[in-house]
Amino acid sequence: MSGAGRGERAQETREAILDAAERLFAEHGVGDVSNRQIAQAAGQANNFAVGYHFGTKPDLVRAIVRRYTTETEGRRLRMLAAIDSSGGSGGPGGSGAPGWPGGSDDLRAWISCLVRPATGHLDALGVPCWRARCLAQFDTVPGLRRIVIDESVATPSMRRTLEGMFRLLPELPEEVHRERSDMSRLLVVHTLAERERALHEGGGTARTSWEATATGLVDALAGLWPAPVTREAG
């Protein structure tokens, strides 16, 4: 087999392992899934295939998160380009989002850049899909949650989006920034995971589509971020 052929086969193996890990983590949690189970689910006779291709479990988690952020990064960059090209007067979202008034001076525009790349990506994956539930499982493990946050915030599009949001909230204290960032992450991650679960199980969903789900999340976050701040007594 040529070097190119071996490289293609290795990449196919890596993708199969990522798919299997994503599904098993989503269904059973990270702590209850072994590398051996992942290898078997990926069709690998070698029980050490996961370690060979990815290293430790945190390394595998990081690879799963990067696969997700690679997809959402492109969508978010297109939305940011639409904001730039609108000259502050609004424009269409790059992932199928509707136009927005106010452009870069509208908080909802920046919040849309947080939410819609994720919903658009999950919509494109179709059913069945395990990605949102897998990320929600990572969120329950402190060390893995840190990986997800670090990898997500490190992307250029996310940094630009957060800068755009925070520019419009200059009076918000730093500790409230951190608190509402955590609230936003939990709301988005677990809302997407619950919708994905309901679709997978064939049950009812709160919204009729991923686009409608995005609108509901944008509405909620647009109320959360500029909400009044009650000062602690004393």
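Here goes a summary of the coordinates provided. As the structure is a prediction and not an experimental result, all values here were calculated from the model.

What counts, and where the lines are drawn
Residues numbered from 1 in each chain as written. Predicted model: local features only at pLDDT ≥ 70, side-chain atom pairs only at ≥ 80, totals over all residues. Heavy atoms only, no water. Helix = DSSP H or I, 4+ residues; strand = E, 2+ residues; numbered from the N terminus. Rg over C-alpha atoms; globule rule 2.2 N^0.38 Å. Buried < 20%, exposed > 50% of the residue type's maximum accessible area, 1.4 Å probe, protein only. Contact = heavy atoms within 4.5 Å. Areas by Shrake-Rupley, 256 points an atom, 1.4 Å probe, with all protein chains shown as cover. Phe/Tyr/Trp six-rings, centres within 6.5 Å; stacked < 30°, edge-to-face > 60°. Axes fitted to C-alpha atoms, helices over the stretch in contact; angles between N-to-C directions. Parallel < 35°, antiparallel > 145°, perpendicular 65-115°, else oblique. Left-handed = near helix turned anticlockwise from the far one by under 90°. Nonpolar A, V, L, I, M, F, W, Y, C, P; charged D, E, K, R; others polar. 1 Å grid on protein atoms, 1.4 Å probe; cavity = no way out; pocket = protein on both sides within 12 Å on 5 of 7 lines; lining within 4 Å. Points joined across faces, edges and corners; volume = space filled by probe spheres on them.

### As for the overall build of the protein chain
Reasoning step 1: Each helix and strand counted, the protein chain has ten helices and zero strands in total.
Reasoning step 2: Ordering the α and β elements of the protein chain from the N terminus gives α-α-α-α-α-α-α-α-α-α.
Reasoning step 3: Whereas a compact globule of 234 residues would reach a radius of gyration of roughly 17 Å, the protein chain reaches 19 Å, a difference of no more than 12%.
Reasoning step 4: The C-alpha extent of the protein chain, read off along each of the three principal axes, is 60 × 45 × 35 Å.
Reasoning step 5: Taking all 234 residues of the protein chain together, the buried fraction comes to 46%.
Reasoning step 6: For the protein chain, the proportion of contacts with a sequence separation of at least 24, taken over those separated by at least 6, is 68%.
Reasoning step 7: When the accessible area of the protein chain is evaluated, it comes to approximately 11800 Å², of which 52% is carbon and sulfur surface.

### Things to note about the packing of aromatic side chains
Here the distance between the centres and the angle between the planes together describe a pair of aromatic rings.
Reasoning step 1: Under the criterion given, the structure shown has two aromatic pairs.
Reasoning step 2: Pairing Phe 25 with Phe 138 gives two aromatic rings, centres 5.9 Å apart and planes at 70 degrees, and the pair type is edge-to-face. One end of the pair, Phe 25, is in helix α1 (residues 3-28); the other, Phe 138, is in helix α6 (residues 131-138), and 113 residues separate them in sequence. As far as burial versus exposure is concerned, Phe 25 and Phe 138 are alike and both buried.
Reasoning step 3: Where Phe 166 meets Trp 225, the ring centres are 5.7 Å apart and the plane angle is 50 degrees; that geometry is what we call tilted. Of this pair, Phe 166 sits in helix α8 (residues 156-167) while Trp 225 sits in the segment after α10 (210-224), and the two are 59 residues apart along the sequence.

### Digging into the environment of Glu 73
Reasoning step 1: Structurally, the position occupied by Glu 73 is in helix α4 (residues 57-86).
Reasoning step 2: Residue contacts for Glu 73: discarding those within four places in its chain leaves Thr 155, Pro 156, Ser 157 and Met 158.

### Side note on the side chain of Thr 13
Reasoning step 1: Residue placement: Thr 13 occurs in helix α1.
Reasoning step 2: Judged by relative accessible area, which is 12%, Thr 13 ranks as buried.

### Considering the packing of helix α5 (residues 107-125) against α8
Reasoning step 1: Across the interface, α5 lies against α8 with an axial gap of 9 Å and an inter-helix angle of 155 degrees. Judged by the inter-axis angle, α5 sits roughly antiparallel to α8. When you trace α5 past α8, the crossing you get is left-handed. Residues Leu 107, Trp 110, Ile 111, Cys 113 and Leu 114 of α5 touch α8, and the partners they reach there are Met 158, Arg 160, Thr 161, Leu 162, Gly 164, Met 165 and Arg 167.
Reasoning step 2: Of the residues in the contact of α5 with α8, the class split is eight nonpolar, two polar and two charged.

### Comments concerning the layout of surface pockets
Reasoning step 1: Within this model, the largest pocket holds a volume of roughly 790 Å³.
Reasoning step 2: Lining of the largest pocket is provided by 34 residues; of these, Ser 152, Val 153, Met 158, Ser 181 and Arg 185 occupy positions nearest its centre.
Reasoning step 3: Among the elements that make up the lining of the largest pocket, the one with the highest residue count is helix α9 (residues 174-201) (ten residues).
Reasoning step 4: Of the residues belonging to the lining of the largest pocket, the class tally is 19 nonpolar, seven polar and eight charged.
Reasoning step 5: In this structure, the second largest pocket occupies an estimated 170 Å³ of space.
Reasoning step 6: Lining the second largest pocket are Thr 191, Glu 194, Arg 195, Ala 198, Thr 205, Ala 206, Arg 207, Thr 213, Gly 216 and Leu 217.
Reasoning step 7: Mapped by element, the contributors of at least two residues to the lining of the second largest pocket are α9 and α10.
Reasoning step 8: Looking at which element gives the most residues to the lining of the second largest pocket, the answer is α9, with four residues.
Reasoning step 9: Taken together, the residues of the lining of the second largest pocket break down into three nonpolar, four polar and three charged.

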